[in-house]
Structure formats: C-alpha cells, structure tokens
Amino acid sequence: MARLQHFGWFFGRGFGPQGWLRPDWHWNLRWDRPGLYQQSATELERAGLDLLIIEDSLSPGPKEQLDLRVRGALGAPKLDPLQLTPWLFAATEHLGVAPTVNAGVLPPYLAARSFATLQHLSDYRVGINVVTDVKGSRHFGIPELDHDASYDRAEEWMHVVRRLWHSWADGAVVEDTETWRYADGAKLDAFEHRGEYFSLDGPLNAPPFDGNEGGKADGDPVIVSPGGSGRGLEFAGRNSDVQLALARLDVETVRAYRARIHEAARAQGRVPASLRILFVLTPEIVASTEEADRLVAASAHPSDSDLHEVIERQSIITETDLTGLDLDRPLDLAVFGQHVSKGSIGGLVGNADPATPLRELFTAKYRKGRISDGTGFVGTVGEIADFIEELGDDADNDGFIFNGDLHPATVHRTLDALVPELRQRGILRRELGGGGLRSNLLDF
Ligand SMILES: Cc1cc2nc3c(=O)[nH]c(=O)nc-3n(C[C@H](O)[C@H](O)[C@H](O)COP(=O)(O)O)c2cc1C
C-alpha cells in the first residue's frame, strides 16, 4: 500500500485577476468578488486537500517596475487575502486556509488578534503563511532590513504573537452565571515585551484557544513558512507546522531538504514528526503519452514572443526586471537583490554552467519535459500519480502543494482525474476530519 500523503493548494497568483492571460478569463467570473474563490475552495475541500495557502505581496512594486508588474496583471493588482479568508470559511466546513502575512509589517498585536478571531470564527481552521519580504517597506515608512535581519524580526514577531495567544492562563475564563463573573483578570499576563524590533505590552484581548490548556499549543493557528534559505529552513524548524517547500523534486533533494528542517526542529526541542513539509508541484496533465510527447516537442523551440512571456513571468517571480538584459550574455546573479527567494533564483538558474547565455536559461524555462523521465511535469494521470507515490515511498515525503490560481478551470484541470487516481492508490485521504486544520495535518 502506498504511503498516505497530505495535499494542499498554493494560490500562487494571489487575490488578483484569476484567468488573465488565458482563455479561462472568458468565463467572465468576477475576480474581485468572493463567488469564484468560494466555488474553488469547495472543490478543494471535496478533493480532500488539507489547506489552501494564499500568496500575497503588499506592494504594486517599485516605481521603475510598475508597468512590468501591472501590464499582464502578474504582480498587481492584488487585494488583501486576510479579508477573503472568512468568505472561504463560510463556504467550507473542513478546509484550512492560510493567508500570507508579512511579519515585518503587520504589528504582532494586530496579527495575534486578527488570527485569534479567525481561529474562533472558523472553528480552528486558520493558518498564517509567515513571509519576510521587505520590498514593500517604503509603503509603511519602515527601514528595508537585510535578509537575515528580516528573519530575526520574524522570529521575534512569532515569539510575541504566540506569547499574546497564551496570555490567558488556564482557568482565566470563568463564565460563572451565579456571580456573573466572566473572566478572572488576575490570570491574564500583562507582560511587557521590549525587544529589538517590537515593544508592546500584553495581554491580548481575545479569549484563549481550546487545546492550549496545560501549556500546550494545540489550539494555536497553524504556522506555515515558505523561505528556502538556511535562515528560512531554520525558521521552519523552529516555528512552523507546515513548510511550503520549493525545491527540485527528486528523491535526494527532497530527503536533504527534509533533513535540514528536521535538524533545526530537533535543535529546538521539537519533534520533527509534528511538522509537515509539503513540496510545491505544478503538474500538467495530459490524456496520453502521445499527447505528452507532442506537448514536449512543441515547446522545444520557443519564438521570441514566447521567450518574452517567460522573461516577464520570471521578472515577477524573481521580483527583478530581467526584460532589458542581453540574452546572449550569461546572467549576472548580482541583478537579484539579497531578498529574492533562493528557490526562485534556483528555479531559473538550476544547475546550469555560470557561462550559459541567458537565452538558454529562458528557453529551458519555456521547455516542457516528461514527469516520467524527470525532465519536467507533463504526464498522464498515472505517471503523475507514480511520481507522487515514489517520493512518498522513497523520500518519506509528507505531501505536495499544487500551485495555481484559484480559478475553477485551473482547479478542475489539476484535480478532476488526479483525485480518483490518488484515492485508489491510497495516497489521498477520502475525507477531512472535523477537528480543524492542525488535527487534519496530524491525522497521519
Ligand atoms: C514557495 C514560496 C512562496 C512564497 N510566498 C510569498 C508570498 O506569498 N508573499 C511574500 O511576500 N513572499 C513570499 N515568499 C518569499 C519568502 O517569504 C521570503 O521572503 C523569500 O523566499 C526569501 O527568503 P529565503 O531566502 O529564505 O527563501 C515565498 C517564497 C517561496 C519560496
């Protein structure tokens, strides 16, 4: 029997124009209204996915990149995923939802309170995708920290948020209708935090979570993190319940990535088995191996306009304007600021020789490959399920996060045939339990 794995969806496009640049746009669904997201979330829940993670970036981009980011709607516009989240909870019963929150921008007290509210409202289904991006700092009048300092700040942020969540001791809520005493103020922790980045007093004015009695943290919102650098993996080991992992998908890399996070977790006195490391996967499902071969062959020689599309997309992914670079020269990695995700740079550069002309890197990005031979992600349902099964069995993989927008057409294209296949193999759960997101993640 194959190993049971966890699955989720990374709404990597964020709360922006879903379906733009694709014929799906002509479904005429309103991207700025909740209906299309609610419909998609319902499908994800029915498919047995544990959670939906919603990407976000707070800024439309720096002045010189504004047109690049808005012309294909690849970087902006974007609405606030935190506001969308309750609409998704209203449409579902078991699915977990983790909107992205920038730990440098949302003050810890407000974050602790918003997520406490969502945790209660959703009956324990919320998560936070904690990110450390600093590019939007200019919109908030705060300094743009360097990479490691942004992680230091995120560590402190996480510490204070948790302290606020735990600032009501056991027995603080009395609810005695004889005396009409609701709570006991002596059991609230009016701590004073004076840290390097944050200075604030407790306690939080939200009631405690069920499951946190006796010093446990079972009721806390689930912490998700995506950073892939050494600091990012350490952050995950120390703080996260779920790592959104972007890496090469082969047995050796998956094993090494998991080992790094587990090691950081152990160093913190955590049990590695309490974390779920879920790798980002964007499969392209075809009806037959002949169709797969046709798709792969058709992508071998991109036209200039095909390449242009790749360059624009990579510019958004790496948050760096790559459009004016000389395609016949090698890529100078100095073009990327220190905050650009290592995973995203690695996704473009791969294992290529540093002397490789840029045109070849972009061409390689455009080219598709077969999942069955490890050159890409095009495959039949059976081939994709084989790949998923193999990483579960041979690399002890916890599971995958499918990546895409939240347009119903994308969700159906990815899941319609794959879900029954994974279920038949015993890789995908048949239903979600009623205990909330953490409980679903720890079911197996
Ligand atoms: C798969 C993935 C998803 C990410 N999602 C977001 C996001 O939604 N919003 C954001 O501001 N940053 C996002 N990031 C950026 C990270 O928070 C972080 O700032 C960046 O990856 C640099 O950290 P690193 O060097 O540890 O990777 C994401 C990164 C990865 C790899």
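Residues numbered from 1 in each chain as written. Predicted model: local features only at pLDDT ≥ 70, side-chain atom pairs only at ≥ 80, totals over all residues. Heavy atoms only, no water.

**Digging into the nonpolar core**
For clarity, the threshold we go by: What we call a nonpolar core is a set of buried Ala, Val, Leu, Ile, Met, Phe, Trp, Tyr and Cys residues that are connected through their side-chain atoms within 4.5 Å. Per-residue accessibility, obtained with a 1.4 Å probe over protein chains only, is compared with the maximum for each type, and a residue is labelled buried under 20%, exposed over 50%, and partly exposed between these values. Labels follow the DSSP assignment, with helices taken as runs of H or I lasting at least four residues and strands as runs of E lasting at least two, numbered in each case from the N terminus.
Grouped together as the largest cluster of nonpolar side chains are 77 residues, with contacts concentrated most on Trp9 and Trp165. A per-element tally of this core places helix 5 (residues 147-165) first, with eight residues.

**Details of the pattern of salt bridges**
Rules: A pairing counts as a salt bridge when a side-chain nitrogen of Lys or Arg comes within 4 Å of a carboxyl oxygen of Asp or Glu.
Throughout the structure, instances matching the rule amount to 32 salt bridges. Close ionic contact of Arg270 with Asp241 constitutes a salt bridge, the shortest N to O distance being 3.9 Å. Residue Arg270 is located in the loop between helix 7 (251-267) and strand 11 (276-281), and its partner Asp241 is located in the loop between helix 6 (230-239) and strand 10 (242-245); the two are separated by 29 residues in the primary sequence. Across the pair, exposure class does not vary: Arg270 and Asp241 are buried alike. The salt bridge partner of Asp398 is Arg258, with a shortest N-O separation of 2.9 Å. Of this pair, Asp398 sits in the loop between helix 12 (381-395) and strand 14 (399-404) while Arg258 is found in helix 7, placing the two residues 140 residues apart along the sequence.

**Overview of the layout of surface pockets**
Using a probe with the size of a water molecule, rolled over the atoms, empty space left in the structure can be pinpointed. How we decide: Detection works on a 1 Å grid of protein atoms alone, calling trapped sets that fit a 1.4 Å probe cavities and calling open sets with protein on both sides within 12 Å along at least five of seven lines pockets, with lining residues defined by an atom within 4 Å of a point. Grid points are joined across faces, edges and corners, and a volume is the space filled by probe spheres set on the points.
Its volume calculated, the second largest pocket comes out at about 380 Å³. Arg162, Ala217, Arg238, Asn239 and Arg270 are the residues nearest the centre of the second largest pocket, which is lined by 16 residues in total. Elements supplying a minimum of two residues to the lining of the second largest pocket: helix 5 and helix 6. Considering every element that reaches the lining of the second largest pocket, the biggest residue donor is helix 5, with four residues.

**A short note on the packing of aromatic side chains**
Definition in use: Aromatic rings from Phe, Tyr and Trp, with only the six-membered ring used for Trp, were paired whenever their centres fell within 6.5 Å, and each pair was classed as stacked if the ring planes differed by under 30 degrees, edge-to-face if by over 60, and tilted otherwise.
Counted according to the given criterion, the structure contains 13 aromatic pairs. Centre to centre, the rings of Phe7 and Phe402 are 5.8 Å apart; their planes meet at 10°, and the pair counts as stacked. A residue pair is termed long-range when its members are at least 10 positions apart, and Phe7 in strand 1 (residues 6-11) and Phe402 in strand 14 qualify at 395 residues. Each member of the pair, Phe7 together with Phe402, is buried.

**Observations regarding the side chain of Gln18**
To keep things clear, this is the line we draw: A 3.5 Å cut-off defines polar contacts: any pair of N or O atoms within that distance qualifies, except that in protein one atom must be a possible hydrogen donor and the other a possible acceptor, and neighbouring residues in sequence count only when both atoms are side-chain atoms.
Tracing the backbone through its elements, the reader meets Gln18 in the loop between strand 1 and helix 1 (35-46). Relative accessible area serves as the criterion here: at 2%, Gln18 is assigned to the buried category. A distance of 2.9 Å separates a polar atom in the side chain of Gln18 from the backbone oxygen of Gly14. A polar contact is formed between the side chain of Gln18 and the backbone nitrogen of Leu406, at a distance of 2.7 Å.

**Considerations on the site of the ligand**
Formally: Nearness of a residue to a molecule or strand requires only that one of the residue's heavy atoms be within 4 Å of it. Per-residue and other accessible areas were derived by the Shrake-Rupley procedure at a 1.4 Å probe size, with only the shown protein chains allowed to occlude residues. For this scheme, ten residues count as nonpolar: Ala, Val, Leu, Ile, Met, Phe, Trp, Tyr, Cys and Pro. Four count as charged, namely Asp, Glu, Lys and Arg, and the remainder, Gly too, count as polar. Domain boundaries shown here were taken from an automatic or database domain assignment.
Lining the immediate surroundings of the ligand are 19 residues, of which Asp56, His147, Tyr151, Gly228 and Ser229 lie closest. Side-chain polar atom of Thr132 to an oxygen atom of the ligand: 3.0 Å apart, as the coordinates give it. Calculation on the ligand without its partners gives an accessible area of 610 Å², and the protein chains cover 91% of this total. Residue classes in the shell around the ligand are distributed as six nonpolar, nine polar and four charged. Counting contributing residues, the shell around the ligand receives three or more from each of domain 1 (6-288 + 377-441) and domain 2 (300-366).

**What to know about the sheet that holds strand 2 (residues 51-54)**
Formally: The pairing criterion for strands is at least two bridges between them, as found by DSSP. As a rule, the C-alpha atoms of each element are fitted with a line to give its axis, helices using only the stretch in contact, and angles between N-to-C directions run from 0 to 180 degrees.
Judged by pairing direction, the barrel is parallel, and its eight strands sit side by side in the order 1-2-3-4-9-10-11-14 before closing back on the first. Along the sheet, successive strands turn relative to each other by an average axial angle of 25°, direction set aside. When strand 4 (residues 127-131) meets strand 9 (residues 222-225), the two strands line up parallel, connected through three bridges. Counted as the bridge partner of Ile128 is Ile223 from strand 9.

**Remarks on the domain arrangement of the protein**
Convention followed: Contacts between residues were defined by any pair of non-hydrogen atoms, one from each residue, lying within 4.5 Å. Buried area counts how much accessible surface, traced with a 1.4 Å probe, disappears from two parts once they are put together, with both parts' losses summed.
Domain boundaries assigned for the protein yield domain 1 (6-288 + 377-441) and domain 2 (300-366). A straight line from the C-alpha centre of domain 1 to that of domain 2 covers 28 Å. Between domain 1 and domain 2, the contact holds 17 residues from the first and 15 residues from the second. Summed over both sides, the interface of domain 1 with domain 2 buries roughly 1400 Å², with 56% coming from carbon and sulfur. On the surface where domain 1 and domain 2 come into contact, there are two salt bridges. Glu312 is the salt-bridge partner of Arg71, the closest N and O atoms lying 2.5 Å from each other. Along the contact surface separating domain 1 from domain 2 lie two residue pairs in polar contact (both at pLDDT 80 or more). At the level of elements, helix 2 (66-71) and helix 5 are the ones that each hand at least two residues to the side of domain 1 that touches domain 2. Top element by residues in the side of domain 1 that touches domain 2 is helix 2. It accounts for three residues. Counted by class, the side of domain 1 that touches domain 2 contains six nonpolar, five polar and six charged residues.

**A word on the side chain of Arg231**
Mapped onto the fold, Arg231 is located in helix 6. A polar atom in the side chain of Arg231 sits 3.0 Å from the side chain of Asp152. Apart from the residues within four sequence positions on either side, Arg231 is in contact with His147, Asp148, Tyr151, Asp152 and Glu155.

**Structural notes on empty space enclosed by the protein**
One pass over the structure, following the stated rule, counts one cavity of 30 Å³ or more. Approximately 30 Å³ is the volume found for the largest cavity. In this structure, the largest cavity is lined by Asp241, Ser274, Arg276, Arg438, Leu441 and Leu442.

**Side note on the pairing of strand 4**
The side chains of a regular strand alternate, residue by residue, between the two faces of the sheet. Defined as follows: Crossovers are marked right-handed if the path from the first strand over the helix to the second runs clockwise, as seen with the strands pointing away from the viewer.
Of all five residues that make up strand 4, five are buried, and the element is covered over most of its length. Every second residue of strand 4 is oriented toward a common face, with Gly127, Asn129 and Val131 on one face and Ile128 and Val130 on the other, all of them buried. Handedness of the β-α-β unit built from strand 3 (residues 96-102), helix 4 (residues 108-121) and strand 4 comes out right-handed.

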